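Structure at a glance
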Amino acid sequence: MDNKKVGLSDTTKAKTEPKTFRRNPIIGTKYTIAISSAKGGVGKSTFATNLALALKQIGCEVGILDADVYGPSLPKLFAINEKPETNGQKLKPIVKYGIQCMSIGFLTEEQTPMIWRGPMVISAIKTFTEKVEWKNLDFLIVDMPPGTGDTQLTFAQGIKVDSAIIISTPQEIALMDVKRGIKMFDKLGVKILGLVENMSYFIGDDKKKYEIFGNGGVKETSIEFKKEFLGEIPIDTEVGKAGDNGKPIVEQNPNHTISNIYMSFANKLKKLYLDKN
Ligand code: ADP
């Protein structure tokens with residue numbers, strides 16, 4: 001639109017266009033992919049860890065940054081109990097299943113509640129992005145906290161995030177917040193790679209398909225906001241069990257139907273970012 005013609009002032013123009021910020025790349029990484037969700041419990045961390053493992057399986061160097069400072073899940077999902085080493089300047093990621101890992105949960109006791117205010121969260125994110133010795137990563141997968149808070153803003157404004165993937169279940173209540181999340185990334189100028197519907201359906205022992213949380217809502221939201229719909233992941237009890245055992249499904253059973261779905265997401269990312277060069 002021609003702003004002069006419609007008489008928009010510069011201030012109005014600034015409000016309507018995505019803002020641009022000076023964003024620093026994370027040293028030691030080629031591409032940073034944020035895994036985001038509007039609500040907790042929709043499977044964001046399960047997605048982040050399995051996507052990372054799938055990327056590793058197709059030959060990429062991968063790191064996971066668990067940026068969910070209030071509810072870190074990487075220590076449990078990857079069964080990591082050790083503390084990262086430091087040389088006084090930088091923290092060394094813990095390598096598990098061939099993946100470089102960092103989480104606030106490695107530095108605190110499992111049951112310590114993180115009662116932090118915004119500035120402390122921002123400072124933790126800065127430490128994780130500036131003071132971790134990530135090495136030769138093709139992809140750094142960032143498991144974001146749910147919602148649209150300080151972590152999202154710190155990432156979106158100060159760090160070069162190549163794209164965000166939004167995970168949701170098909171429930172109305174989750175979708176309402178997804179729309180808010182899409183608007184936030186759009187406003188901050190972070191590219192949304194697409195939306196994934198997790199827990200889309202369940203196949204019973206009778207082989208029937210049960211759409212427990214409804215179905216198709218995430219696809220509809222993608223269409224409404226002109227974003228790509230990346231696909232759906234069914235509910236499968238093996239996924240939950242594998243996570244609880246500290247060995248996500250892609251690592252535990254790479255040939256499982258759900259693992260194949262994660263492999264297809266990984267292949268898509270690799271093709272989009274690495275194979276283009
Ligand atoms: P979030 O990171 O969004 O809070 P989690 O990844 O911790 O969510 O997942 C919440 C719970 O749902 C976990 O117990 C996880 O094992 C389970 N879960 C996630 N995705 C699936 C799935 N496709 N099928 C079955 N259980 C799942």
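Attention here is on the structure that accompanies the text. The shown structure was predicted, so the numbers you read here are calculated from the model rather than taken from an experiment. (Residues numbered from 1 in each chain as written. Predicted model: local features only at pLDDT ≥ 70, side-chain atom pairs only at ≥ 80, totals over all residues. Heavy atoms only, no water.)

**Description of helix H6 (residues 172-188)**
In this model, H6 (17 residues) spans 25 Å end to end at C-alpha, consistent with the 24 Å of a helix rising 1.5 Å per residue. Those residues of H6 that sit buried are Ala174, Leu175, Asp177, Val178, Gly181, Ile182, Met184, Phe185 and Leu188. Those residues of H6 hidden inside the fold are in contact with strand E1 (29-37), helix H5 (150-158), strand E6 (163-168), strand E7 (192-203) and helix H7 (217-224). The first or second residue beyond H6 is Gly189, which carries a positive phi of 75 degrees. (Helix = DSSP H or I, 4+ residues; strand = E, 2+ residues; numbered from the N terminus. Expected span 1.5 Å × (residues − 1). Buried < 20%, exposed > 50% of the residue type's maximum accessible area, 1.4 Å probe, protein only. Contact = heavy atoms within 4.5 Å.)

**Re the environment of Met263**
In this structure, Met263 sits in helix H10 (residues 257-273). Given a relative accessible area of 15%, Met263 falls into the buried group. Met263 sits 207 residues away from Lys56 along the chain, and the two C-alpha atoms are 9.9 Å apart. Once residues within four sequence positions are removed from consideration, Met263 is found in contact with Ala54, Gln57 and Ile58.

**Some thoughts on the nonpolar core**
In terms of nonpolar packing, the biggest core is built from 78 residues, with Phe47, Leu51, Phe139, Ile141 and Ile165 touching the most fellow members. Contacts of Leu51, omitting those with residues within four sequence positions, involve Ile35, Ile141, Ile165, Tyr262, Phe265, Ala266 and Leu269. (Core = buried A, V, L, I, M, F, W, Y, C linked by side-chain atoms within 4.5 Å.)

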